[in-house]
Amino acid sequence: MKKILELIECSRKKFIIFHIYCLFWGILYIIAALIFPDSISKIIDQVIIRKRYDLTKTYIISISFSGFCMIIFSYIQYGLYFKFGQKARIIIKQRLLEKLMNVNGNFKKNYPPGDMLRIIEQDTEQIQNLIGEGIGLLVINGINLIGVMILLLYKNFLIGVVMIIISVIFVVLQIYLSNSLKKDSVFLRKLLGNVSSYTNEIISRSETIATSSYAKQYTKNFFDKNAEIKEREILQMKKLLVGRNIGIAYNVLANVITLGLGVMMVDKRDMTVGTLLAISMYVQRLYSPLLAISNSYFNIKKAIPFVTKIVKCLENKNLMINGSKCLQTPLEGNIYFDSVFFKYNEDMILENFFLRIKEGKFTGIIGENGSGKSTIIKLLLKIYQCKRGNIYVDNININEYDNEYYYKNISVMWQNNFLMSGTLYDVINPGGKDLKKEEIYKLFNEMNLDIEKFEDGLNTYIYENNFNVSGGELQKINIIRIIIEDRPIIILDEPTSALDNESEEEICKLLKTLLKGKTVIIVTHREKILGICDEIIEIKRTK
């Protein structure tokens, strides 16, 4: 429980007060629910059998009022639980997203994108159900169960004792089943995470897979993985059905015993017909909270692996180092790698590596695949940490900088040209600067990018994975974004790879003019854009 309260950032006191408030409405519901059968029994005994028709109105009002109260109190109670659970889920999702914004490159080894998507969207739903209804309804139904048992013992001691014995047997069987379900849930959650990651890969790279000649193999792997999940889910469902059938058997047996004993007592005049009907209804009332308690216990057990997964995710220590230094002025961009060592898995990528990038200059980075060009960028952005050595920007170790300040001084254009979905205006201006349309249109013209091609102009929606713009358009839009951001350090990873020769030449001239005075790092193999660089540095593979 302590871990759950920490997850939703709720104090124990606040949690208890909330549940006491919900319990108040729950108890009112229980009282109304217990009055209802007693009023019906009096109609039979007093009105029908004894022909006291003058009492009809009184008992009808009693039945109607108790039924109305049951509806109102139940609505309030469930509404409160749902709101609380929903609020808790939003808090957890927000914490998970904030976590993702601060993790380093090693985090994805344990939590690939597909698994993280399942954690954020589906695992949090399990927590919502657990925190919202699961725990609260377990308590309320427990009180309801005790109340019904006391009334049964009061109405008829023998039937009450027999029902308690049957109920204990029922609970023991359900606990045994729920423990078995917990083990299944842990293994199933792991399988679901793996399949989510695999599915995410297929969706993100569908065109690549379709044209690789391995589409059938990947599809077969997908079906095989889902087949294993299907078998596990069927096994889990069978156990759930066993639990449900045990509940049905309990209900049938309880009614048979109640009616059997009750009829004999009515025959001996030890019980009235109305009392037998009331006891019968109380037995039904006994089954409902028992079943609810059983389901709540099942759900709590089932939710434990999801809670554990989320807690481990939030406690993962693979974070970007965040300092506290915030300068009053922007960075200048004097970058120095001092005897840097970096190993990825078992491969040494950089060994005793030195690099100096001068402020206000265009620096080209070239080298063979695997030589460490992308690694340099990720180290500079704190995505990875040096094993040894230091990286300085303006003579200050980058780990000393506050990350929010640091990243506000750097614009990055990745090789995959990623842009968040949104309107074209939001995409090129994610910081929400106050821009005049004339300024934006001028940039589009300079980039030789016709705004008229976009159906709704700046309001055109750029979809997820940017599928409704071409590779060349995407690169130009990204460059416009970087120009609008106007930051002192610019990192461009293959910024012209999707452009034709003529467009590339124009863009290169434009970059040289618009980014003058900024520290620009260009990772590329293309000669034209290397032509605008003041210095070209070749990164050689570590032997």
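A short tour of the structure in this document, coming up. Fair warning: this is a prediction, and the values are worked out from it, not measured in the lab. Per chain, residues are indexed from 1 in the order of the written sequence. Only residues with pLDDT of 70 or above have their local features reported here, since the model is predicted, and side-chain atom pairs are shown and tallied only from 80 upward, although totals for entire chains, interfaces and linings are computed over all residues. Only heavy atoms go into the side-chain values, all of them from the structure, while hydrogens and water stay out.

### Details of the sheet that holds strand β6 (residues 410-413)
The strands making up a sheet associate through backbone hydrogen bonding, with each pair oriented either parallel or antiparallel. Only strands that DSSP links by at least two bridges are regarded as paired with each other. Secondary structure is summarised from DSSP: a helix means a run of H or I of at least four residues, a strand means a run of E of at least two, and numbering begins at the N terminus for each. An order of β6-β9-β10-β3-β11 is seen for the five strands of this open sheet, with the pairing classed as parallel. Each of the sheet's edge strands pairs with one partner strand only, and the pair in question is β6 and β11 (535-539). Within the sheet, the average angular offset between the axes of one strand and its neighbour, ignoring direction, is 15 degrees. For this analysis, residues touch if any pair of their heavy atoms sits within 4.5 Å. For every element, the axis is a line fit to its C-alpha atoms; helices are fit only across the contacting stretch, and the angle between N-to-C directions ranges from 0 to 180 degrees. The strands touched by helix α10 (residues 373-380) are β3 (362-367), β9 (489-493), β10 (519-523) and β11; relative to β10, the strand with the most contacts, the crossing angle is about 145 degrees.

### Some words on helix α14 (residues 471-485)
Given the number of residues in a helix, its expected span is that number minus one, multiplied by 1.5 Å. Counted at 1.5 Å a residue, the expected span for α14 with its 15 residues is 21 Å, and the 21 Å between its end C-alpha atoms agrees. Counting buried positions along α14 yields 14 of 15 residues, so the element is predominantly enclosed. Of the residues trailing α14, Asp486 is marked for its positive phi of about 55 degrees. Exposure classes here rest on a 1.4 Å probe applied to the protein chains alone. A residue is buried below 20% of its type maximum, exposed above 50%, and partly exposed in between.

### Digging into the environment of Lys528
On the secondary structure map, Lys528 appears in helix α16 (residues 527-530). Residue classification places Lys528 among the partly exposed positions, given a relative accessible area of 35%. Sequence separation of Lys528 and Leu379 is 149 residues, and the distance between their C-alpha atoms is 27 Å. Contacts of Lys528, omitting those with residues within four sequence positions, involve Asn501, Glu504, Glu505 and Cys508.

### Let's talk about a nonpolar patch on the surface
Taken together, the side chains of Ile27, Ile31, Ile35, Val139 and Ile143 define a hydrophobic patch exposed on the protein surface, amounting to about 370 Å² of accessible area. Those elements that place two or more of their residues in the nonpolar patch are α2 (12-49) and α5 (113-155). Within the patch definition used here, like charges are joined within 9 Å and nonpolar side chains (Val, Leu, Ile, Met, Phe, Trp, Tyr) within 5 Å, considering only residues with over 30% relative accessible area and no salt bridge. All accessible-area figures derive from a Shrake-Rupley calculation using a 1.4 Å probe, and residue coverage is judged against the displayed protein chains alone. Think of a salt bridge as a Lys or Arg side-chain nitrogen and an Asp or Glu carboxyl oxygen that are within 4 Å of each other.

### Examining the nonpolar core
Only buried Ala, Val, Leu, Ile, Met, Phe, Trp, Tyr and Cys residues count toward a nonpolar core, and they belong to the same one when joined by side-chain atoms within 4.5 Å. With 56 residues, the main nonpolar core has Ile8, Leu96, Ile131, Leu152, Met163, Leu286 and Ile310 as its most contacted residues. For this core, the elements supplying multiple residues, two or more each, are α1 (2-7), α2, α3 (56-100), α5, α6 (157-204), α8 (215-267) and α9 (273-315). When residues of this core are assigned to their parent elements, the largest contribution, 16 residues, is made by α9. In this view, Leu152 contacts Phe157, Gly160, Met163, Ile279, Tyr282, Val283 and Leu286; residues no more than four positions away in its chain are not counted. In this structure, Ile480, Cys508, Ile522 and Cys533 belong to the second largest nonpolar core, which totals 38 residues.

### With respect to the pattern of salt bridges
Side chains bearing opposite charge may pair, as long as their charged atoms lie close to each other. According to the stated counting rule, one finds 11 salt bridges in the structure shown. A salt bridge links Glu9 to Arg95; its shortest N-O distance comes to 3.7 Å. Of this pair, Glu9 sits in the loop between α1 and α2 while Arg95 sits in helix α3, and the two are 86 residues apart along the sequence. A salt bridge links Lys93 to Glu121; its shortest N-O distance comes to 3.6 Å. Residue Lys93 is found in helix α3, and its partner Glu121 is found in helix α5; the two are separated by 28 residues along the sequence. The class of Lys93 is partly exposed, set by a relative accessible area of 24%.

### A short note on unusual backbone geometry
Positive phi, close to 55 degrees, is recorded for Glu9, a residue that is not glycine. You can call Glu9 exposed: its relative accessible area is 58%. Even without glycine at this site, Asp394 takes up a positive phi of about 55 degrees. With respect to the helices, strands and loops of the structure, Asp394 is situated in the loop between β4 (388-393) and β5 (396-397). Here Asp394 falls in the buried class, since its relative accessible area comes to 17%.

### Here we look at the sheet that holds strand β1 (residues 335-344)
The four strands lie next to each other as β2-β1-β4-β5, forming an open sheet whose pairing is antiparallel. Unpaired on one side and paired on the other, β2 (347-357) and β5 mark the two borders of the sheet. Of the strand pairs in this sheet, β1 and β4 are connected by five bridges, and their pairing is antiparallel. Following the sheet pairing, Phe341 is matched in β4 by Arg388. Running over the sheet, α10 touches β1, β2 and β4 and is turned about 115 degrees from β1.

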